Amino acid sequence: MSAAPIHIEGVDKVFGSAGRDIVALRDINLAIPAGQFTCLLGPSGCGKSTLLNAVAGFAPPTRGTIRTGARAVTGPGPERAMVFQEYALFPWMTVEQNIAFGLEIKGVGKAAIAATVGALLETLALTDFRQRYPKDLSGGMRQRVAIARVLALDSPIMLMDEPFGALDALTRRNLQDELLRLWAATGKTILFVTHSIEEAIYLADRIVVMTYRPGTVKRDVAVELARPRDPSAPAFNALKRELGQLVMEEQQRHHNDELRMAAGD
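Residues numbered from 1 in each chain as written. Predicted model: local features only at pLDDT ≥ 70, side-chain atom pairs only at ≥ 80, totals over all residues. Heavy atoms only, no water.

**Student:** With reference to specific residues and values, describe the side chain of Thr 194.
**Tutor:** As for its placement among the helices and strands, Thr 194 is situated in strand E8 (residues 189–194). Reaching out from Thr 194, the side chain makes a polar contact with the backbone nitrogen of Ser 196 at a distance of 2.9 Å. With sequence-adjacent residues up to four places away left out, Thr 194 is seen in contact with Cys 39, Leu 40, Leu 41, Gly 42, Lys 48, Glu 162, Arg 172, Glu 199 and Ala 200. (Helix = DSSP H or I, 4+ residues; strand = E, 2+ residues; numbered from the N terminus. Polar contact = N/O pair within 3.5 Å; in protein donor to acceptor, adjacent residues only side chain to side chain. Contact = heavy atoms within 4.5 Å.)

**Student:** Quick rundown of the pairing of strand E9 (residues 206–210)? Include the residues and the values.
**Tutor:** Across the five residues of E9, five count as buried, placing the element largely inside the fold. Of the two faces of E9, the one carrying Arg 206, Val 208 and Met 210 and the one carrying Ile 207 and Val 209 are both buried. Summarising the sheet, strand E3 (residues 37–41) and E9 pair through four bridges and their orientation is parallel. When the sheet's bridge partners are listed, Leu 40 is paired in E9 with Val 208. The pairing of E9 with strand E10 (residues 217–222) spans five bridges and is classified as antiparallel. Bridge pairing in E10 links Ile 207 to Val 221. Following E9, the chain reverses through six residues before pairing antiparallel with E10. (Buried < 20%, exposed > 50% of the residue type's maximum accessible area, 1.4 Å probe, protein only. Pairing = 2+ DSSP bridges.)

**Student:** Mind laying out unusual backbone geometry, listing which residues take part and the relevant values?
**Tutor:** Note the cis peptide between Arg 213 and Pro 214, where omega equals 0 degrees. For Pro 214, the location among the structural elements is in the loop between E9 and E10. For the peptide bond that leads from Arg 227 to Pro 228, omega is -5 degrees, which places it in the cis range. At Asp 154, a position not held by glycine, the phi torsion is positive, near 55 degrees. For Asp 154, the location among the structural elements is in the loop between helix H4 (139–153) and strand E7 (157–161).

**Student:** Can you lay out the sheet that holds E10 for me, pointing to particular residues and giving the numbers?
**Tutor:** Backbone hydrogen bonds hold the strands of a sheet together, and the pairing may be parallel or antiparallel. Strand order in the open sheet made by the six strands is E6-E7-E8-E3-E9-E10, with mixed pairing throughout. In the strand order of this sheet, the two ends are held by strand E6 (80–83) and E10, each with one partner. Between one strand axis and the next, the sheet turns by 15 degrees as a mean value, whatever way the strands run. Lying on the sheet, H4 is in contact with E6 and E7; it crosses E6 at an angle near 175 degrees. (Axes fitted to C-alpha atoms, helices over the stretch in contact; angles between N-to-C directions.)

Written as structure tokens, this is what we have:
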């Protein structure tokens, strides 16, 4: 399935809490071309995951529209697949069964399922673990299974919510490299949430820095560094400092808001 663009137009998201509204997102406008790797970056509370969930169709916006290709997003759809930080694997299923599950729900034939699952097991170095259960796997292996399950569906858009956030540094880098390899091979559109500046620069074509609540677009940055990227390179670190300053400003704003709220109490 070919890649698809994402269009986010005038999106607000408001939550009600204890008799007052909390504006999580305000006037988000983004056009993400087909095949682009885009990272949403910002501190906790800036609405990164809220926006991702809106694109996924899990939490529709209060105002505005989201489209994938020509299709308006009104709920989850087959052109969008989600990878969560928590792996979201079925503990009673083996690795092989977890990867096959979505294809079975779609009514794909057994031979086609076997071929797809076999290819993904090999691609993601999971062949020797095909009969293992999630409880028997490391965090990195579980995330490989979660990614394989999404790839099995061949959705043109992959939505990823801090999928490597709970992993150790070495496993995280290995999976980042694996994801980049798969993205280059498939050309999928990826929208990836992270709070790590280095991860965003290492992975993305484009980084959208968001403000602390209400979440808006603070800066939209094209990453023009050649791949593969070296985190020790001067250009990499110059961009890291620039983005770090933007994120720090929002963290300070968050801190100031908390102080004001504490003083009001």
